[in-house]
Amino acid sequence: MRRIQGAKVLLSGLQGLGAEVAKNLVLMGVGSLTLHDPHPTCWSDLAAQFLLSEQDLGRSRAEASQKLLAELNGAVQVCVYTGDITEDLLLDFQVVVLTASRLEEQLRVGTLCRKHRVCFLVADTRGLVGQLFCDFGKSFTVHDPTEAEPLTAAIQHISQGSPGILTLREEADAHHFHTGDWVTFSGIEGMVELNGCDPRPLHVREDGTLEIGDTTAFSRYLRGGAVTEVKRAQTVSHEPLDAALLQPRVVAQSPQEVHRARCLHQSFRALHEFQQLHGRPPKPWDPVDAEMVVDLAQAMGPLKGTEGEPLEEQLDEALVRTVALSSAGGLSPMAAVLGAVAAQEVLKAISGKFMPLDQWLYFDALDCLPEDGDPIPNPEDCAPRRCRYDGQTAVFGAHFQEKLSHQHYLLVGAGAVGCELLKGFALMGLGAGGSGGVTIADMDHVELSNLSRQFLFRSQDVHRQKAEVAAEATHRLNADLQVTPFNLQLDPTTEDIFGDDFFSGVDGVAAALDTFEARDYVAARCTHFLKPLLEAGTMGTQGSAGVFIPHVTENYKAPSSDVASEDAPDPVCTVRYIPATTKHTVQWAKGEFDDLFCESAKTINSHPQALSSPEDLVKSQKQALLQTMRGVLTERPQTWRDCMLWALGHWQLRFHYGITQLLRTYPPDKVQEDGTPFWSGPRQCPQPLEFDASQDMHLLYVLAAANLYAQMHGLPGSQDRTALRGLLNLLPLPDPQNLDRIFASELELDLPSGCKQLHEDLKTWSKGPPLEPLTFEKDNDSNFHVDFVVAAASLRAQNYGIPVAGHAENKRIVGRIIPAIVTTTAAVAGLVGLELYKVVGGPRPRHAFRHSYLHLAENYFSRWVPKAPDIQKFHHLTWTCWDRLEVPAGQPERTLESLLAHIQELQRLRVTMLLHGSALLYSAGWSEEKQAWHLSRRVTDLVKKAPGQRVLVLELGYEGEEYDTNFPRLHYKL
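Calculation rules
- Residues numbered from 1 in each chain as written.
- Predicted model: local features only at pLDDT ≥ 70, side-chain atom pairs only at ≥ 80, totals over all residues.
- Heavy atoms only, no water.
- Helix = DSSP H or I, 4+ residues; strand = E, 2+ residues; numbered from the N terminus.
- Polar contact = N/O pair within 3.5 Å; in protein donor to acceptor, adjacent residues only side chain to side chain.
- Contact = heavy atoms within 4.5 Å.
- Core = buried A, V, L, I, M, F, W, Y, C linked by side-chain atoms within 4.5 Å.
- Buried < 20%, exposed > 50% of the residue type's maximum accessible area, 1.4 Å probe, protein only.
- Pairing = 2+ DSSP bridges.
- Arc of directions from axis to C-beta.
- Axes fitted to C-alpha atoms, helices over the stretch in contact; angles between N-to-C directions.
- Parallel < 35°, antiparallel > 145°, perpendicular 65-115°, else oblique.
- Left-handed = near helix turned anticlockwise from the far one by under 90°.
- Nonpolar A, V, L, I, M, F, W, Y, C, P; charged D, E, K, R; others polar.
- Salt bridge = Lys/Arg side-chain N within 4 Å of Asp/Glu carboxyl O.
- Expected span 1.5 Å × (residues − 1).

Once that is clear, we can look at the side chain of Ser 60. Tracing the sequence through the fold places Ser 60 in the loop between strand 2 (32-36) and helix 3 (61-72). A distance of 3.0 Å separates the side chain of Ser 60 from the backbone oxygen of Asp 37, its partner in a polar contact. Once you skip the residues sitting within four places of it in the chain, Ser 60 turns out to touch Asp 37, Pro 38, His 39, Pro 40 and Thr 41.

So this is what it looks like as structure tokens:
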């Protein structure tokens, strides 16, 4: 990030693709971004350029875009350059990006950048096809080739010998290391020669142990320590553009993709030549212009490989023709995808993090066009109309644009991906007609950390409802778009709002959610109401997008392992007494924060009756919590010094005295009944720490804890570390008898006897002003919340010989933060937009749709056809997840007996069980009397239905089958 924040980037070309690159770079926080595009804004720009509006027509694109870009991030200098790109100008930049530029300009600027070792990129989109080229020079160093953090694992033992054998504490960690990896070591006691050593290669043995080289001359290993992977820099060599044009190295995952990319490469060259010959691009869907482009591509000779050799594969003329026919348009989803990848490559060039592209990337979504044999758009329908959608109608036609405008979509989630989707909806004109619209559902508030990737939000929006802010911002992008916000989430508690009436007016659903549980629920609602679902998600530089169409594709299913593991807590005893991983230490530290500074204050404020007598205190079951909150003090703190004394006492209790007491109960040499050592395997024997004010982490803990204790009691704190260190050096350590009292209370060893004194002391707390419960806030680095967790987790890790996590990793774990960057979110939103074209366009076969996955750090891009829905069978019946049995509305209300007879008549099977939700309405196993009573009742008398509910969903069971068989459900329409 320091490299990024100091970088200077020149971006030439501010149509839709350039705007996407600019937005991503500004949100990522480059030092300065210089915009260059003297061309006037025209109608066709507005379909993909979200920084421009009708009021900017005729203005320079760069000047019109500058103000809104600058507002995205006040730390980035955004300026405009209006002259020609000269050699002297380029000397001031680390990276230069050209978009929507002519080939001769690309070759000229590329040569100058190569000369002065400036990283150079070319990006372009033509309709549904895009290209990206990278030239980072002859010798470019990649400092950190992969996204994954260096692997760190706790050490169980290291033998002396040649080679030395290292045993990991967790056997599963061995599977993450590979022979040839380089590692270093830290925190080892005994064999200290390994700590901080130069990287050593390792060899993974069959039993999972690791050979780490000769350790014969080293001291004997005693305990603890961690082995950490060392990432090694790699060097990349790129060809200049003039050579790469003739010998293209393309990024592709299969031979078929390589051939298609080479044909697209030839297509772009032919489009450039057409422009040079005719002074204009091909007209939309003009067959004469398209044939000229095909002829130009053929005249370039056979396709060539990376060495310039002719290839046997023939030019795909049909592909070139389709590219030419649809090349006149500018589409928001294509700009989003290519702009995201291009911005990520700029960041790679600046930071040296992740491997850059090698060297050409071609991406196409021509599958969005009509199927072979279907009518194609005609030139008249695609001609410019001097409206904001001209760039889109040039590809799909005005008739399709009309269909888009009347759509009504529900967007669930207005976070990073949701904001990007809304931008796309506004630019595409989704729901911008009289009967169309977009509804947003999100119950969250804008947080400070959102601003780096959710470009619809600004600093003044922090703490406001996301749905409301997003709706206002989307309306500003397209005033014709009707956006309705709901500050609610979709779950069973809101089905009275998002029920039959609501979904009857929805054409489709887009989901931008960050948990599998939420995605599963939304997908189930789409299956129930037979609505198409478009969904996307990200994790760092990895992203995916999926499309699920009723009766055409499979329905959405979250990976079962991910659902089971999501937010699954570790056992309390493991976290509290025998932590084995960094995650355990952070969970413990967060629990400490909640107990000490939140729950204890709430208890005193809201349960004064618990303090009325020692006996009531025991009954409240809060004695241990309040004993710890009181700590070594006997009176409510009055000064900063009191808070500091409390914090020092708590440090001693947690990291020295408590560990000492634990080792008295479970000595280091304790043996279990089966003869194995108690402290073995993942159960690492802890060691008490000795307080040392000169140790930064010791000091940080006391500073943070004292300030939080002061905040809770309404007292002023201090950030003066020097003064605190001086005071701590003068103070004696806490009286062990006080620590005995607290420790015994926590173990519930003195509940009756310890309550009297605690009760007397807490009277002073309850008589003062109410305490201030502190709710953990991860986004404010100045309030000591994260500092406390970082310090507590680090000290806990030192106690148990666990690798210590850094500040960012602690913050990620405790804040349950999913790594997210704007490039990936923009890319997956663009991929969703491409599938939206197909969904709105009308019935399509399954092979027209695409699921997508990308990994920007590893230059991996994949799109594939979704699976068909599983077909289930039972006797003569066949059905899929999208099918149901129906009892139509408008008929006389049925009794349960007539309903069962109706089903039997339809399916020729005897129903033996009928359920509504968890309520059993009928069972063949009931007594005749009970059956007769139920069968005589009307269906609506036997069930509860919500207000406005139009359909009862009943589950069926058949004779001889298990009750959990997934038969098609019965929809009883009311």
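Let us now look at the nonpolar core. Of all hydrophobic cores here, the largest spans 155 residues; its most connected members are Val 96 and Leu 128. Per element, the largest residue contribution to this core is 12 residues, and it comes from helix 30 (residues 822-841). In this view, Val 96 contacts Leu 10, Leu 90, Val 109, Cys 113, Val 118, Cys 119, Phe 120 and Leu 121; residues no more than four positions away in its chain are not counted. Judged by nonpolar contacts, the second largest core, of 48 residues, contains Val 586, Ala 647, Phe 691 and Leu 724.

Next up on the list: unusual backbone geometry. The omega angle of the peptide bond from Ser 162 to Pro 163 is 5°, so this bond is cis rather than trans. The linkage connecting Asp 358 with the following residue, Gln 359, adopts the cis geometry, with an omega of -20°. Looking at the element boundaries, Gln 359 is found in the loop between helix 10 (332-351) and strand 16 (360-364). A positive phi is found at Arg 117, a non-glycine position, where the angle reads about 60°. Relative to the assigned elements, Arg 117 resides in the loop between helix 5 (103-115) and strand 5 (119-126). Notably, Phe 784 is not glycine yet its phi reads approximately 75°, a positive angle. Examined against the element boundaries, Phe 784 turns out to sit in the loop between helix 27 (755-767) and helix 28 (785-800). Classification of Phe 784 as buried rests on a relative accessible area of 7%.

Turning next to the sheet that holds strand 10 (residues 182-186). With respect to topology, seven strands assemble into an open sheet ordered 11-10-14-8-9-13-12, the strand pairing being antiparallel. At either end of the open sheet lies a strand with only one pairing partner, and these are strand 11 (200-201) and strand 12 (203-204). Pairing of strand 9 (residues 165-168) with strand 13 (residues 210-211) involves two bridges; the strand directions are antiparallel. The residue bridging Ile 165 from the neighbouring strand is Glu 211, located in strand 13.

Turning our eyes to something else, we now look at helix 32 (residues 928-935). For the α-helix, the turn length of 3.6 residues means that residues three or four positions removed from each other point alike. Residues Gln 931, His 934 and Leu 935 constitute the buried set of helix 32. Down the axis of helix 32, the buried side of the element spans an arc of 95°, and every buried residue falls inside it.

It is at 8 Å that the axes of helix 14 (residues 416-428) and helix 30 come closest, and there the two elements cross at 45°. As far as their axial angle goes, helix 30 and helix 14 are oblique. The interaxial crossing formed by helix 14 with helix 30 has right-handed handedness. Here helix 14 contributes Ala 416, Val 417, Glu 420, Leu 421, Phe 425 and Met 428 to the contact with helix 30, which in turn contributes Val 822, Thr 825, Ala 826, Val 828, Ala 829, Val 832, Gly 833, Leu 836 and Tyr 837. Here the contact of helix 14 with helix 30 is composed, by residue class, of 12 nonpolar, two polar and one charged.

Turning to the environment of Gln 359, a few remarks are in order. Under the relative-accessibility criterion, Gln 359 is labelled buried at 1%. Residues contacting Gln 359, with those up to four places away along its chain left out, are Leu 132, Phe 133, Cys 134, Asp 135, His 238, Glu 239, Ala 244 and Arg 249. A distance of 2.9 Å separates a polar side-chain atom of Gln 359 from the backbone oxygen of Glu 239.

Taken together, seven strands build an open sheet; the order of strands is 3-2-1-4-5-6-16 and the sheet is mixed. Each edge of the sheet is formed by a strand with only one pairing partner; in this case those strands are strand 3 (77-80) and strand 16. Strand-to-strand twist of the sheet, defined as the mean angle between neighbouring strand axes without regard to direction, takes the value 15°. This element, helix 3, spans strand 2 and strand 3 of the sheet and lies at about 170° to strand 3. Taken strand by strand, helix 10 contacts strand 1 (8-12), strand 4 (95-99), strand 5, strand 6 (129-135) and strand 16, and its axis lies near 5° from that of strand 6.

When you line up the elements, Lys 348 lands in helix 10. Within the structure, Lys 348 has its side chain in polar contact with the side chain of Glu 345 (distance 2.7 Å). Setting aside residues no more than four positions away along its own chain, Lys 348 makes contact with Phe 140, Lys 353, Phe 354, Met 355, Pro 356, Leu 856, Ala 857 and Asn 859.

Enumeration according to the criterion identifies 41 salt bridges in this entry. The partner of Glu 87 in a salt bridge is Lys 115, and the shortest N-O contact between them spans 2.9 Å. Of this pair, Glu 87 sits in helix 4 (residues 87-90) while Lys 115 sits in helix 5, and the two are 28 residues apart along the sequence. With a relative accessible area of 28%, Glu 87 lands in the partly exposed category.

Our focus in this paragraph is helix 14. Spanning 13 residues, helix 14 covers 19 Å between terminal C-alpha atoms, matching the ideal 18 Å at 1.5 Å per step. Counting buried residues in helix 14 gives 13 out of 13 residues, a clear majority hidden from the surface. Positive phi shows up at Gly 429, right after helix 14, with a value of about 85°.

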